[in-house]
Amino acid sequence: MSRRQSQSAVSLVPVVQPAARAGMWAGRRSSCQAKVRRATRGGAAGGNAAPGRALEMVPGAAGWCCLVLWLPVCVAAHGFRIHDYLYFQVLSPGDIRYIFTATPAKDFGGIFHTRYEQIHLVPAEPPEACGELSNGFFIQDQIALVERGGCSFLSKTRVVQEHGGRAVIISDNAVDNDSFYVEMIQDSTQRTADIPALFLLGRDGYMIRRSLEQHGLPWAIISIPVNVTSIPTFELLQPPWTFW
């Protein structure tokens with residue numbers, strides 16, 4: 001099991017199935033898929049606006065039940081831990097038309113009460129969004145993409161909220177981070193925020209910004225939230241640089 005970084009929550013742990021257990025995997029695949037379906041059936045309650053539920057693999061005496069089934073859901077033979085995820089899909093630019101995984105803030109911010117079929121994801125200027133935004137006009141009624149660092153997660157969320165943003169997606173400032181989800185928590189100011197705040201892997205945030213820069217675009221168009229449990233596995237377009 002991968003070790004946790006400080007103030008980080010590893011929400012999905014990549015696991016390589018040993019060759020010696022290939023037979024066990026083949027024999028138990030259908031049983032494991034059934035468990036995945038049962039585990040995720042309740043996640044769609046309330047429609048597409050409901051966040052996904054993912055099960056973190058935990059080793060047991062009988063070994064692993066299954067590998068990752070393209071969905072970010074892993075079920076272990078003995079014991080599991082549940083984490084919340086929320087998914088969004090980039091619709092434009094086309095070269096990053098993938099479904100991305102994010103994690104909601106632990107103890108501040110709101111929730112999505114509706115699904116936005118098409119909404120702008122606007123990189124904030126300056127990226128850390130710790131004060132007045134030079135492109136705040138374009139963030140109004142849209143979703144802001146900001147970078148970690150410079151101030152607390154809550155401060156960034158409040159800045160975006162004050163500029164009229166519908167939500168904020170905060171990507172890690174470590175551009176090589178493709179696996180560790182940081183747990184976003186309240187700061188010590190006792191302030192509040194009402195809009196949803198999501199944490200995005202640094203690698204994902206970097207790739208989105210790079211694509212926008214290459215195309216000379218001021219924003220991406222996304223759909224959020226996406227209910228991945230309603231999408232056939234062969235239609236799930238995951239970023240090729242990350243492991244679900």
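Taking an unreviewed UniProt entry as the reference, the chain is identified by name as Protease-associated domain-containing protein 1 belonging to Pongo abelii. The record in UniProt for the chain states the following under Subcellular location (unreviewed entry): "Secreted". As stated in UniProt under Function (unreviewed entry), the record for the chain gives "Plays a role in the modulation of physical activity and adiposity."

Colleague: Would you take a moment to explain the overall build of the chain for this structure?
Modeller: Each helix and strand counted, the chain has four helices and ten strands in total. Traced from its N-terminal end to its C-terminal end, the chain shows the element sequence β-α-β-β-β-β-α-β-α-β-β-β-α-β. Burial statistics for the chain: of 244 residues in total, 49% are counted as buried. Of the contacts made within the chain by residues no fewer than 6 positions apart, 71% connect residues no fewer than 24 positions apart. Put simply, the chain shows about 11,700 Å² of open surface, and 51% of that area lies on carbon and sulfur atoms.

Colleague: Just to check I follow, could you spell out the confidence of the model for the chain for this structure?
Modeller: Detailed conclusions should not be drawn from predicted coordinates in areas where pLDDT is low. Mean pLDDT over the chain works out to 76, with 65% of the residues at or above the 70 mark. Predicted confidence is poor over residues 1-82, with pLDDT under 50, and the contacts of this stretch with residues over four places away or in other chains come to 143 contacts.

Colleague: Whenever I open this one, the pattern of salt bridges confuses me. Can you help?
Modeller: For side chains of opposite charge, pairing can occur when their charged atoms come near one another. Tallying each qualifying case throughout the model produces seven salt bridges. Where Arg166 meets Asp141, a salt bridge forms, and the shortest distance between an N and an O atom there is 3.5 Å. You can see Arg166 sitting in the loop between helix 3 (153-162) and strand 7 (167-171) and its partner Asp141 sitting in the loop between helix 2 (136-139) and strand 6 (143-147), a full 25 residues away along the chain. For Asp141, a relative accessible area of 37% corresponds to the partly exposed category. Across the pair Arg209 and Glu147 runs a salt bridge, and its minimum N-O distance is 3.6 Å. Of this pair, Arg209 sits in helix 4 (residues 202-215) while Glu147 sits in strand 6, placing them 62 residues apart in sequence.

Colleague: Whenever I open this one, unusual backbone geometry confuses me. Can you help?
Modeller: Leaving glycine aside, a negative phi is the common case for residues, and trans is the common case for peptide bonds. The peptide bond linking Ser92 to Pro93 adopts the cis configuration, its omega dihedral lying at 5°. Between Glu125 and Pro126 the backbone carries a cis peptide bond, its omega angle lying at 0°. Its location among the elements puts Pro126 in the loop between strand 5 (116-123) and helix 2. The backbone of Ala129 shows a phi angle near 50°, a positive value even though the residue is not glycine. Looking at the secondary structure, you find Ala129 in the loop between strand 5 and helix 2.

Colleague: What exactly am I supposed to notice about the side chain of Asn227 here?
Modeller: Position of Asn227 relative to the elements: it lies in the segment after strand 10 (220-224). Asn227 gets classed as buried once you look at its relative accessible area, which sits at 6%.

Colleague: Looking at this model, I keep getting lost on helix 4. Mind explaining?
Modeller: The periodicity of an α-helix, 3.6 residues per turn, causes residues three or four places apart in sequence to face the same way. Across its 14 residues, helix 4 extends 20 Å between first and last C-alpha, which sits within 8% of the 20 Å expected from 1.5 Å per residue. Regarding helix 4, the residues found buried are Gly202, Asp204, Gly205, Met207, Ile208, Arg209, Ser211 and Leu212. At the C-terminal side of helix 4, Gly216 shows a positive phi close to 65°.

Colleague: What is the right way to look at the packing of aromatic side chains in this model?
Modeller: How two aromatic rings sit relative to each other is given by the distance of their centres and the angle of their planes. Across all of its chains, the model carries ten aromatic pairs by this definition. Relative to Phe100, the ring of Tyr98 has its centre 6.5 Å away and its plane inclined at 75°; by these criteria the two rings are edge-to-face. This pair shows no difference in class: Tyr98 is buried, exactly as Phe100 is. Considering the side-chain rings of Tyr98 and Trp241, the 5.5 Å spacing of their centres and the 85° angle between planes classify their relative orientation as edge-to-face. One end of the pair, Tyr98, is in the loop between strand 3 (80-92) and strand 4 (99-104); the other, Trp241, is in the segment after strand 10, with 143 residues separating them in the sequence. Across the pair, exposure class does not vary: Tyr98 and Trp241 are buried alike. Among the aromatic residues, those joined into a cluster by ring pairs are Phe88, Tyr98, Phe100 and Trp241.

Here is what the cut-offs are and how they apply
Residues numbered from 1 in each chain as written. Predicted model: local features only at pLDDT ≥ 70, side-chain atom pairs only at ≥ 80, totals over all residues. Heavy atoms only, no water. UniProt positions renumbered as here; feature names shortened; annotations may be inferred. Helix = DSSP H or I, 4+ residues; strand = E, 2+ residues; numbered from the N terminus. Buried < 20%, exposed > 50% of the residue type's maximum accessible area, 1.4 Å probe, protein only. Contact = heavy atoms within 4.5 Å. Areas by Shrake-Rupley, 256 points an atom, 1.4 Å probe, with all protein chains shown as cover. pLDDT = per-residue confidence, 0-100. Salt bridge = Lys/Arg side-chain N within 4 Å of Asp/Glu carboxyl O. Expected span 1.5 Å × (residues − 1). Phe/Tyr/Trp six-rings, centres within 6.5 Å; stacked < 30°, edge-to-face > 60°.

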